[in-house]
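A structural walkthrough
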Amino acid sequence: MRLSVRTLGCKVNQVESDALVGLLKALDPVVVPLEAGADLVVINTCAVTTSAESDARKEVRRARRANPEAFVVVTGCYAELAPELLAELGADAVVPNRRKAELPGIILQRFGLPADPLTTPPNEFWGAGERGLLNNYVRAFIKVQDGCNAGCAYCIIPRLRGRERHREYRDALEEARALLRAGVQEIVLTGVRLGSYRGHPGGIAGLVEELAGMGAKVRLSSIEPEDTGEELLQVMRRFAPQVRPHLHLSLQTGSDRLLALMGRRYSKAYYRALVERAYDLIPGFALTTDVIAGLPTETEAEHQETLAFLEELRPSRVHVFTYTPRPKTRAASLPQVPLEVRKRRNRELTLLAQRLAEERMRPLLGSRVEVLVESFRGDRAYGHTPDYYQAELTGPARVGQTVWARVEAVAGYTLQGRVEALKEEPAS
Ligand code: SF4
């Protein structure tokens, strides 16, 4: 079975695509590129912005053109929003998020195989404990939470991913154990609103502590500032750098008026205090964040406030999004900032983000950093530092090893360097 999978959007989609491939084992799938002729194409879509939607439509057309005979299945957030349109573009089956757990069964039946109840997760599409062929086998994502109850004014996700659900922690630990046995070196916890996690009595901090106690290296994907409590910071401090000293705390805007208008549940003062506490408490802490350029009603002064706040926070990376109105969201009915202005503000934020990254990375020149080697291309090893800088290395190393590397150059967001010594053989 020649299978092609295209995943758009966030880490949650990635982990779901990978788990799906694991659940299709009975088809004996070989993953091939879209243009190499596939029998089955799965497109896992995103709808967070209008450009994500347009990418999804492009992928469906491309899949149909390249594979006229294939069974093309479209799933994910855009499948929730525009199922008819996706079918018109050539999808044979459109499976929205709320029916994602049925995906393996639908596909197996289409290819004449029984949908073994064991291959169909009963209520929720958490992942399989057994991975497909897509995941990077050094760093693997575990999904522990889905949905969002928060209802930020600009965000369509609650409509597309439903109410918050939490994976029972013993189930997540079992998956982690299986991944560690299979040679995975770092577990990345992920969810739509990860910090709301309630599948462990100690919340997200409790789960991280359990994983760290098992000896796993643990990283958190994006987390909401108001969900990041002292308990989590303390666990990160205690286990750094095994629990990675990095948080991605979505800021969105540096204006208190806009934070309130957008239904965000923290103030600038709260965010500032949280980040200062993390810098103080956690050795080697690095912050990354998201901001949205041109939220509805944003004034020039408020945009300047966001720029100034970012300067103050010293993030190592900022993802800048241009605001686009999403259907049936409160923000879409507010007075809009003209598109040209939104784009110009995006450019200014992006330039600042680049400068701030450079200011954080330049002092690392000549220093020795720890890197987990995740892949090789040609004679170069690629990986990340615990504080989540990308690294590109020359010198002796193997995938899965943790090495000490000397930083020789900074190129964009990447530290370039040379391997000096082995820090740790892969644990398995
Ligand atoms: S917390 Fe806000 S921005 Fe994040 S998914 Fe929920 S509604 Fe969207």
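Residues numbered from 1 in each chain as written. Predicted model: local features only at pLDDT ≥ 70, side-chain atom pairs only at ≥ 80, totals over all residues. Heavy atoms only, no water.

**With respect to the overall build of the chain**
Counting its secondary structure elements, the chain contains 13 helices and 17 strands. Over its C-alpha atoms the chain spans a radius of gyration of 22 Å, differing by no more than 12% from the 22 Å that the globule rule assigns to 428 residues. Within the chain, residue pairs in contact and separated by at least 24 positions form 72% of the contacts whose partners lie at least 6 positions apart. Taking the 58 positively charged and 54 negatively charged side chains of the chain as two groups, their mean positions are separated by 2 Å. (Helix = DSSP H or I, 4+ residues; strand = E, 2+ residues; numbered from the N terminus. Rg over C-alpha atoms; globule rule 2.2 N^0.38 Å. Contact = heavy atoms within 4.5 Å. Lys, Arg positive; Asp, Glu negative; His and termini not counted. Charge placed at Lys NZ, Arg CZ, Asp CG, Glu CD.)

**Side note on the pairing of strand E15 (residues 390-394)**
Among the five residues in E15, four count as buried, and that is most of the element. Here strand E14 (residues 380-384) pairs with E15 via four bridges, running antiparallel. Following the sheet pairing, Gly383 is matched in E15 by Ala391. In this structure, the hairpin formed by E14 and E15 is closed by a connection of five residues, where Tyr388 is found at a positive phi of approximately 75°. One ladder, built from five bridges, connects E15 with strand E17 (residues 414-424); its direction is parallel. In the sheet register, Thr394 faces E17, and the bridge partner there is Arg418. (Buried < 20%, exposed > 50% of the residue type's maximum accessible area, 1.4 Å probe, protein only. Pairing = 2+ DSSP bridges.)

**Quick word on the domain arrangement of the chain**
Taken as a whole, the chain is organised into domain 1 (2-119), domain 2 (139-362) and domain 3 (365-424). On a C-alpha basis, the centroid separation for the pair domain 2 and domain 3 is 25 Å. Taken residue by residue, the interface counts 19 residues in domain 2 and 19 residues in domain 3. Where domain 2 abuts domain 3, roughly 1700 Å² becomes buried across the two surfaces, and 57% of that area is made up of carbon and sulfur atoms. A per-residue breakdown of the area domain 2 buries against domain 3 is headed by Arg139, Met361 and Arg362, which together make up 37% of the total. Along the contact surface separating domain 2 from domain 3 lie three salt bridges. (Domains from an automatic or database assignment. Buried area = accessible area lost by both parts, 1.4 Å probe. Salt bridge = Lys/Arg side-chain N within 4 Å of Asp/Glu carboxyl O.)

**Some details on the sheet that holds strand E12 (residues 317-322)**
Judged by pairing direction, the sheet is parallel, and its three strands sit side by side in the order E10-E11-E12 without closing on themselves. Looking at strand neighbours, the two that pair on one side only are strand E10 (246-248) and E12, the edges of this open sheet. Each strand of the sheet is rotated relative to its neighbour by a mean of 10°, with strand direction disregarded. Bridging between strand E11 (residues 286-293) and E12 involves six bridges; their strand directions are parallel. Within the sheet, the bridge partner assigned to Ile292 lies in E12 and is Phe321. (Axes fitted to C-alpha atoms, helices over the stretch in contact; angles between N-to-C directions.)

**A short note on the pattern of salt bridges**
According to the stated counting rule, one finds 46 salt bridges in the structure shown. For Glu80, the salt bridge identified is with Arg98, shortest N-O distance 2.7 Å. Linking Glu80 in helix H3 (residues 77-81) with Arg98 in the loop between strand E5 (93-96) and helix H5 (103-110), this pair joins segments that are 18 residues apart in sequence. With relative accessibility at 17%, the residue Glu80 sits in the buried group. Judged by relative accessible area, which is 65%, Arg98 ranks as exposed. For Arg198, the salt bridge identified is with Glu164, shortest N-O distance 3.8 Å. Remark: Glu164 occurs in the loop between helix H6 (157-161) and strand E7 (165-166) and Arg198 occurs in the loop between strand E8 (186-191) and helix H8 (203-213); sequence separation between them is 34 residues. Arg198 sits in the exposed class, given a relative accessible area of 54%. Look at Glu164 and you get buried, because its relative accessible area is 12%. Each of the salt bridges in this network shares a partner with another, and the network as a whole consists of Glu16, Lys100, Lys143, Asp146, Arg161 and Arg165.

**Overview of the site of the ligand**
In the region of the ligand, the neighbouring residues are Cys148, Ala150, Gly151, Cys152, Tyr154, Cys155, Ile157, Pro158, Glu224, Arg264 and Arg265. Per-class residue counts for the shell around the ligand are seven nonpolar, one polar and three charged. (Near = heavy atom within 4 Å. Nonpolar A, V, L, I, M, F, W, Y, C, P; charged D, E, K, R; others polar.)

**Things to note about unusual backbone geometry**
Omega for the peptide link from Ala240 to Pro241 comes to 0°, which places this bond in the cis form. With respect to the helices, strands and loops of the structure, Pro241 is situated in the loop between helix H9 (230-239) and E10. For Thr297, which is not glycine, the phi dihedral falls at a positive 70°. Following the sequence through the fold, Thr297 ends up in the loop between E11 and helix H12 (300-313). Backbone geometry at Arg314 places phi at a positive 55°, although glycine is not the residue there. If you trace the backbone, Arg314 turns up in the loop between H12 and E12.

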